[in-house]
Amino acid sequence: MPIATDSSVHDRVGRLLYCSADRFVANVCEGEHCFICDRTEREVDFNREHILPNWLLRRFGLHRGSVTLPNRKLHGYGTYTIPCCVECNNRLSKHFETPISEAFVGGLAGVKAMVEREGPERIFQWMALIFLKMHLKDRLLRKHLDRRLGDTAISETYDWATFHHLHCLIRAHHTGAAIGDYVLGSVLLVEVDPNTGDEVFDLASVTDAFTFYMRAGDVALYATFNDAQACVGAIDHVLQGITGMLNPAQARELAAELAAANLHLTNRPTFQTLMSNPDGADLRIVAHVPACGPVFADKDHDIVGFVKHFLLNHITGTVEGRSPEETAELLRQNKISFLFNNEGNFIESGRQSDKRASIGTWWQKSVAPG
Ligand SMILES: [Zn+2]
């Protein structure tokens, strides 16, 4: 089948291989098509795809838990779903949920073993999948729960085209597209203390920074989706300073550091899907990375503080000797840290030994291509 007018590419039996940005925005972000295969409910059976997979909801007792949405209201994890066709739903389960749920049985060690065995692709794409589903869901949820303030969707301010790269990435198992060097962004796997008495699960995303964070049991997972792995290098001094297990606030602060780094990146890579002929043979996703390597702007404490306040404002009442308002202001100014004390030393939570936290980072390539 020839290339469509919107530049999408189908294979000879009509299956959508490359989904163009225009088609993604029109059919997935603004339409009701299956977000993987582009078919509609008129063509094929649909069911609901959980944004957080069922096994995760079960394992961490989240069916009755809630997600904090950008409108600050809570939505039950168990009903947090988007439409997807049955066939694609089953394939997503098989490709992502079965192997990843098996890895999570072993906690941090299990997830780490999976990544060391097969590379970071699957876990990275899985995080991208949850991040994209979370944002697609936002168009179905109102920004203001008070109807008198209007029916605007949470997603009103999203520039959907900027999510196109994620869409290509999470469809790679469906299209068979190869993943080129630097197509994956930063990935971090960090050990957290599961016995702090806090909730065993936490989830947050920073939309503008394309950064995702999830804490489940003793595992904290981090990803930045559009940085070609630059940001994990930019926060190396933070990672080097972590000498013990993270507590929940520290885990979130690390997410803020990663997100803030991405907001300082001045020469962002671009991504493209290539093929050898109009039928979409040898489909591959490639990254164009600046030959000079990543360049970051000078640290802007207002930006770092904005992200830290966004991710940590719910715990401003927990800082000894300070009012919640004072703590919130210090967060905004990037003048308070849960990770490091005034001397720059890692703040031990007190419950764990002083062994160095287990931090895993993965690079597809250690040097930038010429
Ligand atoms: Zn489908």
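Placed above this text is the structure.
Given the structure is predicted, the values throughout are model-derived calculations rather than measurements.

S.K.: Quick one: what's the story with the sheet that holds strand S10 (residues 211-216), residue by residue and with numbers?
M.R.: Within a sheet, adjacent strands bond to each other through the backbone by hydrogen bonds, running parallel or antiparallel. The sheet built from five strands is open, its strands ordered S9-S10-S11-S8-S14 with antiparallel pairing. Both outer strands of the open sheet, strand S9 (201-206) and strand S14 (359-361), are each paired with one neighbouring strand and no more. Mean inter-strand twist for the sheet, computed between neighbouring axes without regard to direction, equals 10°. Where S10 lies against strand S11 (residues 219-224), six bridges are found, and the strand directions are antiparallel. By the bridge assignment, Ala216 is partnered in S11 with Val219. Across the sheet, helix H5 (residues 121-137) touches strand S8 (186-191), S9, S10 and S11, and the angle it forms with S11 is around 75°. Its contacts with the sheet place helix H10 (residues 248-264) against S8, S9, S10 and S11, and it is angled at close to 165° to S10.

S.K.: Go over the packing of aromatic side chains, please, and point to the residues and values.
M.R.: Inspection of the entire model under this criterion finds 14 aromatic pairs. Relative to Trp160, the ring of Tyr158 has its centre 5.4 Å away and its plane inclined at 90°; by these criteria the two rings are edge-to-face. Look at Trp160 and you get buried, because its relative accessible area is 8%. Following the ring pairs from residue to residue traces out a cluster consisting of Phe124, Phe131, Tyr158, Trp160, Phe163, Phe210 and Phe225.

S.K.: Report on the coordination of the zinc ion, specifying residues and quantitative values.
M.R.: The zinc ion binds to the protein through Cys34 (SG), Cys37 (SG), Cys85 (SG) and Cys88 (SG); the donor distances cover 2.3 Å. Relative to the metal, the four donor atoms surrounding the zinc ion lie at angles of 97 to 119°, and the coordination shape comes out tetrahedral. Of note, the donors binding the zinc ion are all from one chain and are spaced C-x2-C-x47-C-x2-C.

S.K.: Help me get a handle on the side chain of Thr211, residues and values and all.
M.R.: Looking at the secondary structure, you find Thr211 in strand S10. Within the structure, the side chain of Thr211 is placed 3.4 Å from the side chain of Thr224, a separation counted as a polar contact. Among residues more than four places away in sequence, those in contact with Thr211 are Phe131, Ala204, Ser205, Val206, Ala223, Thr224, Ala255, Leu258 and Ala259.

S.K.: Residues and numbers for the environment of Ile285, please.
M.R.: By secondary structure assignment, the location of Ile285 is in strand S13 (residues 284-288). According to the relative accessible area criterion, Ile285 is buried, its value standing at 3%. In this structure, the C-alpha to C-alpha distance between Ile285 and Phe271, residues 14 residues apart in sequence, is 7.0 Å. Non-local contacts of Ile285, meaning those with residues more than four positions away in its chain, are made with His165, Cys168, Leu169, Ala177, Ala178, Ile179, Gly180, Val183, Gln272 and Thr273.

Parameters and conventions
Residues numbered from 1 in each chain as written. Predicted model: local features only at pLDDT ≥ 70, side-chain atom pairs only at ≥ 80, totals over all residues. Heavy atoms only, no water. Pairing = 2+ DSSP bridges. Helix = DSSP H or I, 4+ residues; strand = E, 2+ residues; numbered from the N terminus. Axes fitted to C-alpha atoms, helices over the stretch in contact; angles between N-to-C directions. Contact = heavy atoms within 4.5 Å. Phe/Tyr/Trp six-rings, centres within 6.5 Å; stacked < 30°, edge-to-face > 60°. Buried < 20%, exposed > 50% of the residue type's maximum accessible area, 1.4 Å probe, protein only. Donors = N, O, S within 2.8 Å, 3.2 Å for Na, K, Ca; no water. Tetrahedral: all angles 85-135°; square planar, octahedral: opposite > 155°, others 65-115°. Polar contact = N/O pair within 3.5 Å; in protein donor to acceptor, adjacent residues only side chain to side chain.

Read these as geometric descriptors, not functional statements.
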